[in-house]
Amino acid sequence: MKLSEKDSAHSKESDLDWSCLLLVASFVGAFGSSFLYGYNLSVVNAPTPYIKAFYNESWERRRGHPIDPDTLTLLWSVTVSIFAIGGLVGTLMVKLIGKVLGRKYTLLVNNGFAISAALLMACSLQAGAFEMLIVGRFIMGVDGGISLSVLPMYLNEISPKEIRGALGQVTAIFICIGVFTGQLLGLPELLGKESTWPYLFGVIAVPALVQLVSLPFLPESPRFLLFEKHDQAGAEKAFQTFLGKEDVSREVEEVLAESRVQRNIELVSVLELLRSPFVRWQVITVIVTMACYQLCGLNAIWFYTNSIFGKAGISPEKIPYITLSTGGIETLAAIFSGLVIERLGRRPLLIGGFGLMALFFGIITITLTFQDHAPWIPYLSIVCILAIIASFCSGPGGIPFILTGEFFQQSQRPAAFIIAGTVNWLSNFAVGLLFPFIQKSLDTYCFLVFATICLTGAVYFYFVLPETKNRTFAEISQALAKRNKAIPPEENTNSAASDAKVTRRPEPDPASTLDNYTKNGIV
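Residue numbers run consecutively from 1 along every chain, following the written order of its sequence. In view of the model being predicted, local features appear only for residues whose pLDDT reaches at least 70, and side-chain atom pairs are presented and counted only at 80 or more, with totals across whole chains, interfaces and linings using the full set of residues. The side-chain numbers reported here are obtained from all heavy atoms of the structure, hydrogens and water having been left aside.

Asker: An account of helix α21 (residues 377-393) is requested, with residue identities and associated values reported.
Answerer: Here α21 contains 17 residues, and its C-alpha end-to-end distance of 25 Å stays within 8% of the 24 Å for a straight helix at 1.5 Å per residue. The classification of residues rests on relative accessible area computed with a 1.4 Å probe and restricted to protein chains. Under 20% of the type maximum is buried, over 50% is exposed, and intermediate values are partly exposed. Secondary structure counts use DSSP, requiring at least four H or I residues in a row for a helix and at least two E residues in a row for a strand, with both numbered from the N terminus. Counting buried positions over the 17 residues of α21 gives 13, a clear majority of the element. Expected span, for any helix, means 1.5 Å times one less than how many residues it has.

Here you go:
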């Protein structure tokens, strides 16, 4: 009880150790990064018939005959899913670029991909080349792959541990805002017309330009400055800016101590991390989490909302406005998650989110099967879709990115994000490419596939996932140590020496302790 009271007092004291510029940095970073990812998930939805007509027109002009329907379906599926292939390429580039440029400048350079992709896609109709649209989608995927790996690391390293979960949810919130913006601009009254659909892709350049001119005035990650650049003065200034106080000697000394301990520690490779028995269940859990994040079926709804609502019996002229409600619901749910994550924790939000998704996927299967039996059943299908989106964004939509950072040590984290990103984008590609064919073959029963995935994920997390809220990495590691059946050698030495200083629990030696506490800023 004394320890809890002490931690509570320390938490209240630390709540003041951040400034408005911390929020500005997170918002600017997310606006030019995760916002664009969300925007590109939904922006292809509204102009689908116009883009397909453009494909058919280009094909007929070149070959003298209309495109085969199956070829058009395949070409459209590639257009949608090649975004994920670009994301995988971007993810694999993160480790090399991030080590040289750091977090902030990697995000800045990444804007070049977004701007070039926007120009290619916006000019594709004028040039009469649908290949420009496909290449632009690929380049935009590269931008997304880089940003979804670097942004969570940047937010993780600049935020105090007391609000790390809430600030980490900024990534998910801006993804949802991006989806909503794509749906809003896709309305026929705005840019969702045959003559203006290329401008939907030109809009991508705006957030990239905003980040390009704003982020240079904000500090780099102080931990990167001390760990990689050995720039103590710059790190002190960054801490002062983000924490909103002059005296940051404690924070600087903590990171200096970590830096001294890890001076000779090399970054772990992906293969080494996969082979390590000490983090086996952490790796498995991250893989399962990211696979469920993409394969749970939400991207299928984002990509093909119009056809789903059409099957629900909604008239074509009403579909864009019903689709708009999905973006609003997911944005509100993501904000709700950000507000309660530090109170409820990661575990209940993740398990509850996937469990509710499985339930509503089962219900929507029934409503779509019997939609012709009563006039009110199609509207129940819409309610189920909104409930599925709200369930996803209230937990599974953002927590996977947070868990990836919390499960691993500093030297393991880049490799962990590469593994998580690879699973994320490969799963994204599979859904985008295969869902039209799954829907065609299974019809109204296609959502049972996603219900099974969500239920499997919920059961796995219930039995395996420990709660990480307000827990140090050492505590998270100990929670998984029994399941791993292997404890790192450094955690077996000098465990009693550090115990009296911090929590009166057995702890690893100083090197491991400092490394483990990098995530939480504790020494």
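Asker: Describe the packing of aromatic side chains, with residues and values.
Answerer: Here is the rule: rings of Phe, Tyr and Trp (six-membered ring for Trp) pair when centre to centre is within 6.5 Å. Planes less than 30 degrees apart are stacked, more than 60 are edge-to-face, and the remainder are tilted. Counting across every chain of the model gives 19 aromatic pairs. Relative to Phe130, the ring of Tyr55 has its centre 5.1 Å away and its plane inclined at 50°; by these criteria the two rings are tilted. With Tyr55 in helix α4 (residues 48-63) and Phe130 in helix α7 (residues 130-158), the pair connects residues that are 75 residues apart, well separated along the chain. Ring pairing ties together the aromatic residues Phe54, Tyr55, Phe130, Trp197 and Phe201, which thus form one cluster. Sitting above the plane of the Trp59 ring, Arg63 keeps its charged end 4.1 Å from the centroid. Only Lys NZ and Arg CZ are tested; either one counts as a charge over a ring when it is within 6 Å of the ring centre and within 35 degrees of the ring normal.

Asker: Help me get a handle on the pattern of salt bridges, residues and values and all.
Answerer: The salt bridge criterion pairs a side-chain nitrogen of Lys or Arg with a carboxyl oxygen of Asp or Glu, the two atoms within 4 Å. Considering all chains together, one arrives at two salt bridges under this definition. In this structure, Glu131 and Arg62 form a salt bridge, with 2.5 Å as the shortest nitrogen-oxygen distance. With a gap of 69 residues between them, Glu131 in helix α7 and Arg62 in helix α4 connect regions that are remote in the sequence. We classify Glu131 as partly exposed; its relative accessible area is 33%. Here Glu342 makes a salt bridge to Arg346, at a shortest N to O gap of 3.4 Å. Under the relative-accessibility criterion, Glu342 is labelled buried at 18%.

Asker: Which residues make up the packing of α7 against helix α9 (residues 170-185), and what values go with them?
Answerer: The contact between α7 and α9 brings their axes to 10 Å, and the two run at 135°. Classified by the interaxial angle, the pair formed by α7 and α9 is oblique. Contacts between α7 and α9 pair Leu148, Leu151, Pro152 and Leu155 from the former with Val170, Thr171 and Ile175 from the latter. The nonpolar class holds Ala, Val, Leu, Ile, Met, Phe, Trp, Tyr, Cys and Pro. Asp, Glu, Lys and Arg form the charged class, and all remaining residues, Gly among them, are polar. For the contact of α7 with α9, the per-class residue count stands at six nonpolar, one polar and no charged. Note on definitions: angles span 0 to 180 degrees between N-to-C directions of axes, and those axes are lines fitted to C-alpha atoms, for helices only across the stretch in contact. Note on angle classes: values under 35 degrees are labelled roughly parallel, values over 145 roughly antiparallel, values of 65 to 115 roughly perpendicular, and the remainder oblique. Residue contacts are counted whenever heavy atoms from the two residues lie within 4.5 Å of one another.

Asker: Before we move on, could you go through α4 and cite the residues and values that matter?
Answerer: Over its 16 residues, α4 runs 22 Å from end to end, which matches the ideal 22 Å to within 8%, given 1.5 Å per residue. Buried within α4 are the following residues: Thr48, Ile51, Phe54, Tyr55, Ser58 and Trp59. Down the axis of α4, the sector holding all buried residues measures 130°, keeping them to one side. Positive phi shows up at Gly64, right after α4, with a value of about 85°. Summarising the geometry, the arc corresponds to the directions from the helix axis toward the C-beta atoms.

Asker: Describe the state of the cysteines, and please don't skip the residues or the numbers.
Answerer: Linking two cysteines covalently via their sulfur atoms produces the bond known as a disulfide. By convention in this document, the label disulfide applies to cysteine sulfur atom pairs within 2.5 Å. For the structure on display, the rule yields zero disulfides. Free cysteine Cys454: the closest other cysteine sulfur is in Cys296, separated by 4.9 Å. The buried category is assigned to Cys454, whose relative accessible area is 0%.

Asker: Could you give an account of a nonpolar patch on the surface, naming the residues involved and the relevant values?
Answerer: In this analysis, a patch consists of residues with relative accessible area above 30% that form no salt bridge, clustered at 9 Å for like charges and at 5 Å for the nonpolar side chains Val, Leu, Ile, Met, Phe, Trp and Tyr. Accessibility throughout is a Shrake-Rupley quantity obtained with a 1.4 Å probe, and a residue counts as covered only by protein chains that appear here. Together, Leu442, Tyr445, Leu448 and Val449 give the surface a local cluster of nonpolar side chains, amounting to about 320 Å² of exposed area. Topologically, Leu442 is positioned in helix α23 (residues 413-442).

Asker: Describe the side chain of Thr196, and please don't skip the residues or the numbers.
Answerer: Mapped onto the fold, Thr196 is located in the loop between α9 and α10 (197-202). With residues near it in sequence (within four places) discarded, Thr196 still touches Leu190 and Leu191.

Asker: Could you give me a rundown of the environment of Leu226, with the residues and numbers involved?
Answerer: Mapped onto the elements of the fold, Leu226 is located in helix α12 (residues 222-227). Residue Leu226 is classed as buried on the basis of its relative accessible area, which comes to 3%. In the structure, Leu226 is positioned 26 residues away from Val252 in sequence and 8.5 Å away in space, judged by C-alpha atoms.

Asker: Break down the nonpolar core for me, with residues and values.
Answerer: Throughout this description, the term nonpolar core refers to a set of buried Ala, Val, Leu, Ile, Met, Phe, Trp, Tyr and Cys residues connected via side-chain atoms within 4.5 Å. Grouped together as the largest cluster of nonpolar side chains are 133 residues, with contacts concentrated most on Tyr55, Leu273, Phe354 and Phe361. Examining the composition of this core, we find that 15 residues originate from one element, helix α5 (residues 69-122), more than from any other.

Asker: How would you explain the confidence of the model for the chain if you had to name every residue and give the values?
Answerer: Of all residues in the chain, 82% have pLDDT values of 70 or greater, and the mean over the chain is 78. For the chain, per-element mean pLDDT is lowest for helix α27 (residues 510-516), which scores 38, and highest for helix α11 (residues 205-214), which scores 93. pLDDT: the predictor's confidence for each residue, scored from 0 to 100. Segment residues 490-523: pLDDT under 50, and 83 contacts once partners within four positions in sequence are set aside and those in other chains are kept.

Asker: I'd love a proper account of the packing of helix α2 (residues 20-31) against α7, names of residues and values included.
Answerer: Relative orientation of the contacting elements α2 and α7 amounts to 175°, with a least axis distance of 10 Å. In terms of orientation, α2 and α7 fall into the roughly antiparallel class. Packed against α2, whose contacting residues are Leu22, Ala25, Ser26, Gly29 and Ala30, the element α7 presents Leu151, Tyr154, Leu155 and Ile158 at the interface. Residues belonging to the contact of α2 with α7 are distributed by class as follows: seven nonpolar, two polar and no charged.

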